[in-house]
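The chain contents come next:
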Amino acid sequence: MATLDLITLTQILIAGALTGTLYAPLTLGFNIIYRSSRVVNFAQGELLLIGAYVAYTFTVLVASNLIIGLMLAIIATGLVGPLIERAVLRPLLARPVFAAILVTIGLGISLQGTSQLIWGVTPLAAPVSFPAEPIRIGPIILPSVSVYSALVSTILVSVLLLFYQKTKLGLSMRAAGEDQALAMALGVNVRTVIATAWTISAVSSTVAGVLLSGVFGFVSYYLLFVALRVYVAAIVGGLDSVGGAILGSILIGVGESIGGLLEPSVGPGFRDAFPLLLALIVMMIRPYGLLGTERIERI
Amino acid sequence: MLRLTNIEITYDPFIVVIRGLSLQVPRGQIVALLGSNGAGKSTTLKSISGVIAAERGRVTRGTIEFEGERIDNLSADKVAKLGILHVMEGRRIFRELTVLENLKVGLSDDDISTAFDFFPRLKELKDLRAGYLSGGEQQMLAIARALLGRPKVMLLDEPSLGLAPSIINELFKTIRRINEEGNITILLAEQNAIKALEIADYAYVLENGRIMLDGQSQDIMRNRDVQEFLMGLGESGRKSFREVKAYKRRKRWLS
């Protein structure tokens with residue numbers, strides 16, 4: 001500990017923040033579903049897993065060109081959205097949200113089973129392997145994958161923010177998230193809204209799947225454990241805020257870095273526990289999350 | 001013309017709330033639907049707009065026709081697209097969105113100035129989150145919102161609920177204006193019978209899911225039973241307990 005100098009500390013913090021951006025696309029996927037229907041999607045990890053597997057199939061088995069393979073994978077997972085809406089969620093339209101939340105648990109389990117049926121349980125090659133060479137910025141050394149993920153996350157967030165603020169569908173999503181019955185009475189096609197939300201979420205999860213499996217070097221159900229961090233990230237950042245999803249992811253990433261640093265002195269497992277501790281503190285101070293909208297309750 | 005013929009509305013799966021109800025809303029008129037709590041006013045409106053599906057209710061018998069087309073049990077967004085917009089009870093607005101965003105949701109005119117013509121107050125508030133508006137302003141927003149969907153028919157559910165008398169007066173004047181200038185047919189469900197009959201052309205009185213009485217507004221307004229039971233005027237001369245009891249029994253048997 002005594003040898004910890006400023007540069008190492010900066011490096012750990014930056015690396016942590018960049019690790020956070022690795023989670024960000026998945027957190028965003030979680031966030032967009034919550035925002036458009038107030039459904040807490042417990043199948044987010046499975047969307048990530050399926051996304052990674054589909055990306056593997058298209059990049060390794062189908063297309064020889066990486067870019068084309070990834071494009072195909074994104075189109076294929078994009079179809080998952082309307083499929084889930086039609087088959088699973090439409091009967092629950094305008095019903096208590098709680099029912100839909102429970103259904104996502106079942107959806108998760110069945111997606112998990114399906115993925116094992118199709119792709120088996122042995123780890124498969126990662127669809128994209130990132131250069132092993134770290135990227136150096138002055139004295140700071142960063143893994144190349146983090147830099148890519150930071151870039152991808154920035155693009156995703158900007159696009160989503162523009163989508164929410166500038167497009168009619170974005171506005172419909174925010175409206176439907178608040179009051180589905182009212183939105184329908186005003187002519188909003190809530191079925192399309194939900195299908196779009198799931199499509200964006202699935203695509204965003206695929207992006208996360210490609211990035212994360214690139215870090216691990218393989219695709220396997222281990223990715224599901226990573227997804228657990230995303231729930232924490234989303235809640236800490238504020239469930240209904242795009243910026244919050246990113247901030248929450250970064251906080252979890254930094255928390256992991258610091259936890260990892262302290263692990264030798266505190267005890268094993270502290271790396272995973274420390275972000276949760278941070279989350280707990282944040283929730284005590286800001287129950288709606290860092291950037292979450294406080295509900296207006298007029299009494 | 002909006003026409004309900006002998007409809008029966010059932011909630012989850014066998015609670016019958018409305019039975020054999022028929023009513024007509026001719027184009028360009030204001031039709032009032034009067035009755036006390038639980039009479040079935042809101043349910044009737046919800047069945048027309050299709051919102052009732054959200055409460056696990058459905059039209060189990062009879063037909064609802066709009067301009068010759070059957071719309072019973074159609075999903076709410078499709079009904080809205082046909083030009084029937086429902087302003088729900090209790091000032092349902094999107095509280096987290098700003099006033100301007102509220103006005104843009106769903107079917108909406110690109111030209112929002114129509115809304116500000118009828119409700120100039122909203123213009124000053126347009127960047128405020130709607131949850132911070134006062135009750136009267138929220139009701140104005142709800143109506144203005146529906147107005148931008150270019151409705152042919154507007155279903156208004158208890159617009160006067162919980163508002164101060166002066167604001168109710170202002171609101172009802174605006175409703176009349178919307179009907180006359182905007183050429184929008186209005187079906188108005190109200191407990192405030194006096195106010196509703198002032199602006200309505202025709203009225204139906206609903207009780208326990210049935211129509212007890214209907215007629216031109218002036219006639220309904222002069223009806224002694226309506227005066228006593230819906231307006232609370234109590235000057236119908238029916239003073240003794242026995243008379244009231246006899247009246248209630250008669251009403252029960254007739255229903």
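Shown above is the structure to which this text applies.
Just so you know, these numbers come straight off a predicted model, no measurement behind them. (Residues numbered from 1 in each chain as written. Chains lettered and ligands numbered in written order. Predicted model: local features only at pLDDT ≥ 70, side-chain atom pairs only at ≥ 80, totals over all residues. Heavy atoms only, no water.)

**Details of the overall build of chain B**
Applied cut-off: In this text, helices come from DSSP runs of H or I with a minimum length of four residues, and strands from runs of E with a minimum of two, each type numbered from the N-terminal end. The atom set for the radius of gyration is the C-alpha atoms, and the globule formula is 2.2 Å times the number of residues raised to the power 0.38. Relative accessible area decides the class of each residue, using a 1.4 Å probe on protein chains only: under 20% of the type maximum gives buried, over 50% gives exposed, and in between gives partly exposed. Note on contacts: a residue pair qualifies if any of its non-hydrogen atoms lie within 4.5 Å across the two residues. For the charge count, each Lys or Arg is scored as positive and each Asp or Glu as negative, with His and the chain ends excluded. For charged residues, the charge sits on one atom: NZ in Lys, CZ in Arg, CG in Asp, CD in Glu.
Looking only at helices and strands, one finds eleven helices and ten strands in chain B. Rg of the C-alpha trace for chain B: 18 Å, near the compact-globule value of 18 Å for 255 residues, within the 12% margin. Relative to its 255 residues, chain B shows a buried fraction of 52%. A separation of at least 24 residues holds for 66% of the contacts in chain B among residues at least 6 apart in sequence. Measuring between centres, the 38 positive side-chain charges of chain B sit 6 Å from its 33 negative side-chain charges.

**Some points on a nonpolar patch on the surface**
Residues and elements named next belong to chain A. This is how the line gets drawn: Here the term patch refers to residues with relative accessible area over 30% and no salt bridge, with like charges joined within 9 Å and nonpolar side chains (Val, Leu, Ile, Met, Phe, Trp, Tyr) within 5 Å. With residues, only the protein chains shown are counted as cover, and all accessible areas are computed by Shrake-Rupley using a 1.4 Å probe. Salt bridges are defined as contacts in which a side-chain nitrogen from Lys or Arg sits within 4 Å of a carboxyl oxygen from Asp or Glu.
On the surface, V60, L61, V62, I68, L72 and I75 cluster together into a nonpolar patch covering about 540 Å² of accessible area. When contributions to the nonpolar patch are tallied by element, the ones reaching two or more residues are α2 (44–62) and α3 (66–78). Turning to its location among the elements, L61 is positioned in helix α2. L61 sits in the exposed class, given a relative accessible area of 56%.

**Focus: the pattern of salt bridges**
Across all of its chains, the model carries 22 salt bridges over all chains by this definition. Note that R174 of chain A and E101 of chain B form a salt bridge whose closest N and O atoms lie 2.7 Å from each other. With R174 of chain A in helix α7 (residues 168–178) and E101 of chain B in helix α3 (residues 99–104), this pair bridges two chains. Since its relative accessible area comes to 9%, R174 of chain A is described here as buried. Assessed through its relative accessible area of 17%, E101 of chain B is described here as buried. The residue E137 of chain B makes a salt bridge to R121 of chain B at a minimum N-O spacing of 2.9 Å. Residue E137 of chain B is found in helix α6 (residues 135–147), and its partner R121 of chain B is found in helix α5 (residues 121–124); the two are separated by 16 residues along the sequence.

**What to know about the sheet that holds strand β1 (residues 2–11) of chain B**
Residue and element names in this part refer to chain B. Note the threshold: By the convention used here, strands pair only if DSSP detects at least 2 bridges between them. To get an axis, fit a line to the C-alpha atoms, keeping to the stretch in contact for a helix; angles then go from 0 to 180 degrees between the N-to-C directions.
If you trace the four strands from one edge of the open sheet to the other, you get β2-β1-β4-β5, paired in antiparallel fashion. Among the strands making up the open sheet, the edge pair consists of β2 (15–25) and β5 (69–70). Bridging between strand β4 (residues 57–66) and β5 involves two bridges; their strand directions are antiparallel. Looking at the pairing, E65 lines up with R70 of β5. Strand contacts of helix α1 (residues 41–49): β1, β2 and β4, with the helix running at about 110° to β1, the strand carrying the most contacts.

**A look at the packing of aromatic side chains**
Any two aromatic rings considered together are summarised by their centre-to-centre distance and by the angle between their planes. All names here are of chain A. As a reminder, the rule being used: Here is the rule: rings of Phe, Tyr and Trp (six-membered ring for Trp) pair when centre to centre is within 6.5 Å. Planes less than 30 degrees apart are stacked, more than 60 are edge-to-face, and the remainder are tilted. Only Lys NZ and Arg CZ are tested; either one counts as a charge over a ring when it is within 6 Å of the ring centre and within 35 degrees of the ring normal.
Tallied over the full model, the rule gives ten aromatic pairs over all chains. When the ring of F30 is compared with that of Y231, the centres are 5.1 Å apart and the planes differ by 70°; the resulting orientation is edge-to-face. With F30 in helix α1 (residues 6–37) and Y231 in helix α10 (residues 223–237), this pair connects stretches of sequence that are 201 residues apart. Across the pair, exposure class does not vary: F30 and Y231 are buried alike. Put simply, the rings of F216, F218, Y222 and F225 pair up and form one aromatic cluster. The lysine or arginine in question, R35, covers the ring of Y164, its NZ or CZ lying 4.2 Å from the ring centre.

**Some remarks on the sheet that holds strand β8 (residues 185–190) of chain B**
Residues and elements named next belong to chain B. Spatially, the six strands line up as an open sheet ordered β6-β7-β8-β3-β9-β10, and their pairing is mixed. A single partner strand is all that each edge strand has here, and the edge strands are β6 (84–87) and β10 (210–216). Direction aside, the axes of adjacent strands within the sheet are offset by 15° on average. Sheet topology note: the strand β9 (residues 202–207)/β10 ladder contains six bridges and is antiparallel. Paired with Y204 across the strands is D214, a residue of β10.

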